[in-house]
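A look at the structure
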Amino acid sequence: MAIDLEQIPSSCTRLLFDYSAVFQLSSCNQFGEFTEWIIQSKREVILNSSFRFFHECVVNESVFPEKRVVSVVRDFIERVRSAGLLVESVQTSIVTFVKEYASDKSACLFLAKKSISVERVRDSDMTGKFSVCIVSLNQIDVYKNLDSCLNEELSFSINPLSQSTDYLDVDVYCNVGDKVYSEDGSVIILSEKISTGAEGIVFRTTDPKWVAKIYHKGVITPLRWRKLIHMTKTGISAKGICWPSVLLYSFNSSPVGYLMQTAEGNTLGTIFDGPDAVLAHFPNWQRIDVLQTAAHIIEKIVYLQLHGVLIGDIQLKNMMIKDPENVFLIDMDSVQVEDMPCPVGTEDYTPPELWDFSFSEILRKPFHEDYSCGILVFSLLFCGQHPYAQRLGKETLREEILANSFPYLTNTSAESMIPVGGYDKIWDALTENLKIMFIQAFSRGKRFEPIEWYSAITEYRDMLLRREYSDDQSYLLFPHTDLTTFKEPPVTLSYKKTIREAIIQAPLNSNRVNTYEGSSSSKMLYNRQSSNAATEDHFFEPLKVPEEKAPMPTREGIGNPIIRSSDLRDIKPHKVHVKKESFFKRLAKKLRKDRTLILFMVFIICAAFLVFLAIYFN
Amino acid sequence: MAKDSKTFEASDFGKSTRRRLPICFCLDVSGSMAGNPIRQLNDGLSSFFSSIRENDETRASADICIVTFGGTVDIFLPFGKLTKDHSIPKIQATTSLTPIGEGILTSLELLIARKEGYKNLGIKYYQPWLVVITDGAPQGNNAIENMEKAITAVNELESLDRLVVFNIGVGNNVDFTLLKRLSKKRQEPICIDSAQFSKLFEFLGSSSSSIVSSGMKDDALYDLSGTTKGNSVAMDEFFKYLED
């Protein structure tokens, strides 16, 4: 293993380091020599501002022996800094950072081989005149410009195994008390069922640190097992990332599942589900706890990306929390590693351009993950709320997303579209930076890298930590919202009436029929059959399909008590006899209805009286 | 018939941020369902409810309502989330006619009202499910007219992707032509005999979980044959895949 430093062109006086490259170099024996060479030949080392955030993520996530990297990287930075060669760019994103130097021929960009950063640079479609050094474990490949680098350094193309729908035929059913075996023959006893999912069952084992996932029949496909083999070899062992560590086999050596570290607590889906759910589990939580949780989660996503892994199926259900310092990523067997795709995903977190794809047939790109990451950050900060959830909105979530309809833009208007429940106040309390990022992300479709979210979240967290807000409410989980008295908006009981009318009474009120013809949906729903059916068509007269301001149906409203049409059927006439009424009765009726008529008659009487007076006094 | 108010948790409408899946069961309780069929229907329903309860994600998302029709149309169970432990009362069969059209229209009314409620509060939702189970043909005053209205209404919502329809016929006395027209997306109505209820509800239960947690698409709900699975291969063959 040797890195030939002579390959690096002497014209390159500015070395741009992506964190991935330093991370890779730091596990190489020659890194000290390399650092010495930089200092001797007086080359500038330029880092983007996210470098230290990446490092922070590695500091927090990595465990021994990888932890060694931390001090190696720190030494490198210290030596370069004391030699006066360190330059820090203000750019956080790798793409904007590199773009600054696009036409600089004296620059040389260092990227790790097959890293997410290479893909980010590729997807940005920039042309760079700078040289590129691609760092792998035991060598550096030098390219004279970005184009030639990207032509040689190909991205992964999807593994052909992902096309196979075959699955392993096993007749093994594992239950509590059963034994399974690792490759080296050690015995693992499944001691207790934890949960059952769509793919398999998770069991406790006799070692509390490890749990076993045993797949259902028909779930182990060639791709799945190949990925697991690869994952157990790569062996990511960060705390809180429940990476498959040991493959499990049945007594007859048939693959059945894997071992992973135990996750504690509840899924984020159960916790981040509105104020009640959060406070039920964490009664003392404040805003800072939410931010700390979010920071630790994003940290893990960043850490995985440094190792070339995209999670793919990012969603709250695939994460667990014991407390803000102990969060876990679970269901890691579905992640995208190298050329093996993540075959699952949900509409809420998947970028629109992938909606109509079958996930098992595509490799996700970093900017796809960026989208999911943005949604995740928002959902965490807003205690489970989705950025596109809104009041009085469109028919489907898809339409809202496609229209980039982000309700927090219109915060000031009286008829706010922000979901009811204090979320507008959470928005108000955000840092300016986060507000701008959210608006750019959700109303203009900008994709931020996880590290950019990380830097924004930690900035907010640190401001809360230093108590820089003068408003005490800003520190609360739900600022300016009294959660003890928070009630649903007042319920209009008119709906109950509508239902009753719908089922029973509507025919009596036959002149309402035409008022609904305007709305196509209501017309279509409750079209009248014939014009004379007003009294016969007793069951379903047109119903008002609530339009903009729908009266809110509640359980009290609709269901209490059970409405039995028979209860009221006898008061509903099947045939209404329209009796001939006397003139005066009709007049009186008309008078009641028509005020102008009354005024008119009063006027006539007054006029007659005046005429009478005039004649009399004449 | 009395509704146990403890069956549901109180105010779940406003505070949870979860995306809801409104499911309205529209069930035939006319005379012909009496006896075995209604018992099997109840068994099926309760296994459906327990499968929903099994998965926290699904339980929190599923917003369930039951409308019954048999002589009259009743809202047997208004919309709400299942609680962990209270059981749902048993449905009783009546001795009367089959106002299926009215039943469906009431269900639509409730589904639409529920959706308006979501919109009003800013709650996300999946497109609602209408599960119609009948063993007969429309009967009663204006039954056919109302059924025609129901079909038109359901077809239009379905074609706009705003409703997922399960039109299910039980036994041999079903008016299949009419039932078939209830859904344009489903090739044939789902035909079962009452002994297969448990299987049907198992499918509904697992499908709702797939919608809520694995992002399954609505269109998949129209294919009852299940996902087109590949072949099962023996271990030797399986490992050959991995060698390449």
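One structure accompanies this document, and this report is about it. (Residues numbered from 1 in each chain as written. Chains lettered and ligands numbered in written order. Predicted model: local features only at pLDDT ≥ 70, side-chain atom pairs only at ≥ 80, totals over all residues.)

Quick notes on the overall build of chain B
Basically, it comes down to this: The way it works is that DSSP assigns letters per residue, a run of H or I at least four long becomes a helix, a run of E at least two long becomes a strand, and they are numbered from the N terminus. Based on C-alpha atoms, the radius of gyration is set beside the globule rule, defined as 2.2 Å times the residue count to the power 0.38. Exposure criterion: with C-beta atoms placed from backbone coordinates, a residue whose C-beta has 20 or more other C-beta atoms within 10 Å is buried, one with 12 or fewer is exposed, and one in between is partly exposed. Placing C-beta atoms from the backbone, we regard two residues as in contact once those atoms come within 7 Å.
Along its length, chain B carries seven helices and seven strands. Counted from the first residue to the last, chain B has its helices and strands arranged as β-α-α-β-β-α-β-α-β-α-β-α-β-α. Computed over C-alpha atoms, the radius of gyration of chain B comes to 19 Å, within 12% of the 18 Å expected from 2.2 N^0.38 for 244 residues, which places it in the range of a compact globule. Projected onto its principal axes, the C-alpha coordinates of chain B cover approximately 70 × 45 × 35 Å. Counting across all 244 residues of chain B, residues that qualify as buried make up 56%. Here the analysis covers contacts within chain B between residues at least 6 apart in sequence; of these, 78% occur between residues at least 24 apart.

Here we look at the environment of Cys174 of chain A
All names here are of chain A. Residue placement: Cys174 occurs in the loop between strand E7 (167-168) and strand E8 (179-182). Considering only alpha carbons, one finds Cys174 and Ile214, 40 residues apart in sequence, at a separation of 7.2 Å. Residues contacting Cys174, with those up to four places away along its chain left out, are Val180, Leu190, Ile214 and Val256.

As for the environment of Tyr101 of chain A
Locating Tyr101 of chain A in the fold gives a position in the loop between helix H5 (94-99) and strand E4 (107-112). Separated by 85 residues in sequence, Tyr101 of chain A and Leu16 of chain A place their C-alpha atoms 9.0 Å apart.

Here we look at the sheet that holds strand E17 (residues 326-329) of chain A
All names here are of chain A. Put simply, the test is: For two strands to count as paired, DSSP must find a minimum of two bridges between them. The axes used here are C-alpha line fits, helices contributing only the stretch in contact, and every angle between their N-to-C directions lies in the interval 0 to 180 degrees.
Pairing in this open sheet of three strands is antiparallel, and the strands run E14-E16-E17 from one edge to the other. Of all the strands in the sheet, just strand E14 (266-267) and E17 have a single pairing partner and so form its edges. In terms of strand pairing, E14 meets strand E16 (residues 319-323) through two bridges, oriented antiparallel. Each residue of the ladder has a partner; that of Thr267, found in E16, is Met320. Across the face of the sheet, helix H11 (residues 287-306) comes into contact with E16 and E17 while running at roughly 35° to E17.

Considering unusual backbone geometry
Glycine aside, the phi torsion of most residues is negative, and most peptide linkages are trans. Backbone torsion omega between Phe64 of chain A and Pro65 of chain A reads 5°, so that peptide bond is classified as cis. Positionally, Pro65 of chain A belongs in the loop between helix H3 (51-61) and helix H4 (68-82). At Arg467 of chain A, a position not held by glycine, the phi torsion is positive, near 50°. Residue placement: Arg467 of chain A occurs in the loop between helix H16 (450-465) and helix H17 (494-505). Despite not being glycine, Asp161 of chain B has its phi angle at roughly 60°, a positive value. Residue placement: Asp161 of chain B occurs in the loop between helix H4 (143-159) and strand E5 (164-170).

With respect to the sheet that holds strand E10 (residues 200-205) of chain A
All names here are of chain A. One closed barrel holds the six strands; their spatial order is E8-E9-E10-E11-E13-E12, and the pairing between them is antiparallel. Averaged over all pairs of adjacent strands, the angle between strand axes in this sheet comes to 45°, irrespective of strand direction. Two elements, E8 and strand E9 (residues 187-196), share three bridges in a ladder whose sense is antiparallel. Within E9, the residue paired with Tyr181 across the bridge is Val187.

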